[in-house]
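# Summary of structural features
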Amino acid sequence: MDLGIRGKRALVCASSKGLGLGCAEALAEAGVDLVMNARGAEALGAEAARLRSEYGVDVITVACDVTSVDGQAQVIEAAQGVDILVTNAGGPPPGLWSDWDRDDFIKALDANMLTPIAFMKALLPGMMDKGWGRVVNITSQSVRAPIPALGLSNAARTGLTGYVAGTARQVAPRGVTINNLLPGIHATDRAESLDGGVAAQKGISMDEARAERAETIPARRYGTRQEFGAACAFLCSQHAGFIVGQNILLDGGGTNLTM
Ligand code: NAP
């Protein structure tokens, strides 16, 4: 399917690895020029070079912490005039409800709620002026069903979800859609680190931890970054203009819900 977005320009935050890279690659495959970001310049530069050579698109890189005010300013400057925004950042650490104090919540809110809001605030006006735009926020299945060990993520991402629900309906009249993609478990470094925690806690191997988790998913496997990226590119396509303010689970059926 031709996604109809060749020649458009996208900012994909936190995109040197994992789900962000999956989104960047699927957009590059659709002919979209990219601004890519991550903290580590080496992996970012290597992936940007690969996407340029495989898909013939322009790729600018901005190596910085996207959750810092300074980092956001650098990325926003490089991304002026983008048609597509994909927000993403690392997820908060796991723990127990009784572990976290105010500073932990402020960090999580900054990274997973206020950072995507800052990018939307900065880049939505340009999209609205052009009468066309797409925003996809990478959140988590935890906004539909809380994950007990990820209380910081549950809290911050649900706040973002509320903001998007209201804002998406205010910008839709100007041709701009905002939607959230909710990953369940995907085979990325983040999943490795979560599985590492389970393996250490239970005294089992990584393979056993992965197999245990896969057994809880109806699809009986982890998702891939390519599958995730394809869904993101579709939401950014010409075909998705009537999808507004939605929260789309990509979880192999792992969240046990009727709707
Ligand atoms: P990942 O494989 O660890 O990749 C994270 C990417 O983001 C890397 O490119 C990393 O590069 C970059 N990054 C992290 N923190 C950043 C920051 N502060 N500023 C700029 N770039 C940053 O993670 P993932 O699995 O793709 O997860 C992406 C998001 O989805 C996370 O918020 C995660 O919690 C959420 N999620 C993931 C899963 C899953 O199963 N994978 C499930 C639910 C939710 P640098 O380290 O070089 O900055």
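Residues numbered from 1 in each chain as written. Predicted model: local features only at pLDDT ≥ 70, side-chain atom pairs only at ≥ 80, totals over all residues. Heavy atoms only, no water.

## Some thoughts on the packing of aromatic side chains
Rules: When the centres of two rings from Phe, Tyr and Trp lie within 6.5 Å, Trp using its six-membered ring, the rings pair. Their planes under 30 degrees apart give stacked, over 60 give edge-to-face, and anything left gives tilted. For a ring to carry a charge above it, either NZ of a lysine or CZ of an arginine must fall within 6 Å of the ring centroid while also lying within 35 degrees of the normal to the ring plane.
All chains considered together, the criterion is met by one aromatic pair. It is Lys8 that lies over the ring of Trp132; its NZ or CZ is 4.2 Å from the centre.

## What about the nonpolar core?
Put simply, the rule is: Remark: nonpolar core denotes a set of buried residues (Ala, Val, Leu, Ile, Met, Phe, Trp, Tyr, Cys) joined through side-chain atoms within 4.5 Å. Partly exposed residues are those whose accessible area sits between 20% and 50% of the maximum for their type, while under 20% is buried and over 50% is exposed, using a 1.4 Å probe and protein chains only. Elements are defined by DSSP. Helices are runs of H or I of four residues or more, strands are runs of E of two residues or more, and each kind is numbered from the N terminus. Contact criterion: two residues are considered in contact whenever any of their non-hydrogen atoms come within 4.5 Å of each other.
With 32 residues, the main nonpolar core has Ile5, Leu27, Leu34, Met36, Ile84 and Val86 as its most contacted residues. Contributing elements (two or more residues each) for this core: β1 (9-12), α1 (18-29), β2 (33-38), α2 (41-55), β4 (84-87), β5 (133-138) and α8 (225-235). A total of seven residues in this core trace back to one element, the largest contributor, which is α1. What Leu34 contacts, discounting residues up to four positions off in sequence, is Ala10, Val12, Ala24, Leu27, Ala28, Leu51, Asp58, Val59 and Ile60. Counting residues in each nonpolar core, the second largest holds 27 residues, with Val82, Met113, Met120 and Leu160 among its members.

## Concerning the domain arrangement of the chain
Basically, it comes down to this: Here the bounds of each domain stem from an automatic or database domain assignment. Summed over both partners, the accessible area lost on bringing two parts together, with a 1.4 Å probe, is the buried area. For this analysis, a salt bridge means a side-chain nitrogen from Lys or Arg found within 4 Å of a carboxyl oxygen belonging to Asp or Glu.
Here the domain parsing of the chain yields domain 1 (9-184 + 224-248) and domain 2 (187-222). Just the C-alpha atoms count here: the centres of domain 1 and domain 2 sit 25 Å apart. Buried surface at the junction of domain 1 and domain 2, summed over both partners, amounts to about 530 Å²; 49% is from carbon and sulfur atoms. When the buried surface of domain 1 facing domain 2 is broken down by residue, Leu150, Thr224 and Glu227 rank first, second and third, together holding 44% of it. Applying the counting criterion to the domain 1 and domain 2 interface returns two salt bridges. The residue Arg221 makes a salt bridge to Glu227 at a minimum N-O spacing of 2.6 Å.

## Examining the site of the ligand
Using the following cut-off: Whether a residue is near a molecule or strand depends on its heavy atoms: if one lies within 4 Å, it is near. As used in this structure description, the phrase polar contact means that two N or O atoms lie within 3.5 Å; if the pair is within protein, one of them must be able to donate a hydrogen and the other to accept it, and residues adjacent in sequence are counted only when both atoms belong to side chains. Residues were grouped as follows: Ala, Val, Leu, Ile, Met, Phe, Trp, Tyr, Cys and Pro as nonpolar; Asp, Glu, Lys and Arg as charged; and all remaining residues, including Gly, as polar.
Every one of the 28 residues lining the ligand counts as a neighbour, but Ser16, Leu19, Ala89, His186 and Thr188 are closest to it. Interatomic distance of 3.4 Å between a backbone N/O atom of Gly184 and an oxygen atom of the ligand. Taking Thr188, its side chain carries an N or O atom lying 2.4 Å from an oxygen atom of the ligand. Elements supplying a minimum of two residues to the shell around the ligand: α1, β2 and α6 (189-202). Partitioned by chemical class, the residues of the shell around the ligand number nine nonpolar, 13 polar and six charged. Counting the residues that make up the shell around the ligand, at least three belong to each of domain 1 (9-184 + 224-248) and domain 2 (187-222).

## Describing α1
Selection criterion: In this analysis, the expected span of each helix is defined as 1.5 Å times one less than the number of residues it contains.
Here α1 spans 17 Å end to end across 12 residues, near enough to the 16 Å set by a 1.5 Å rise per residue. For α1, the buried fraction is high: 11 of the 12 residues fall into the buried class. One or two steps after α1, the chain reaches Gly31, where phi turns positive at roughly 90 degrees.

## Here's the deal with the environment of Gly229
Among the secondary structure elements, Gly229 is positioned in helix α8. Take Gly229: its relative accessible area is 0%, and that puts it in the buried class. In sequence terms Gly229 and Ala26 are 203 residues apart; their C-alpha atoms lie 5.3 Å from each other. Setting aside residues up to four positions removed in sequence, Gly229 forms contacts with Gly22, Cys23 and Ala26.

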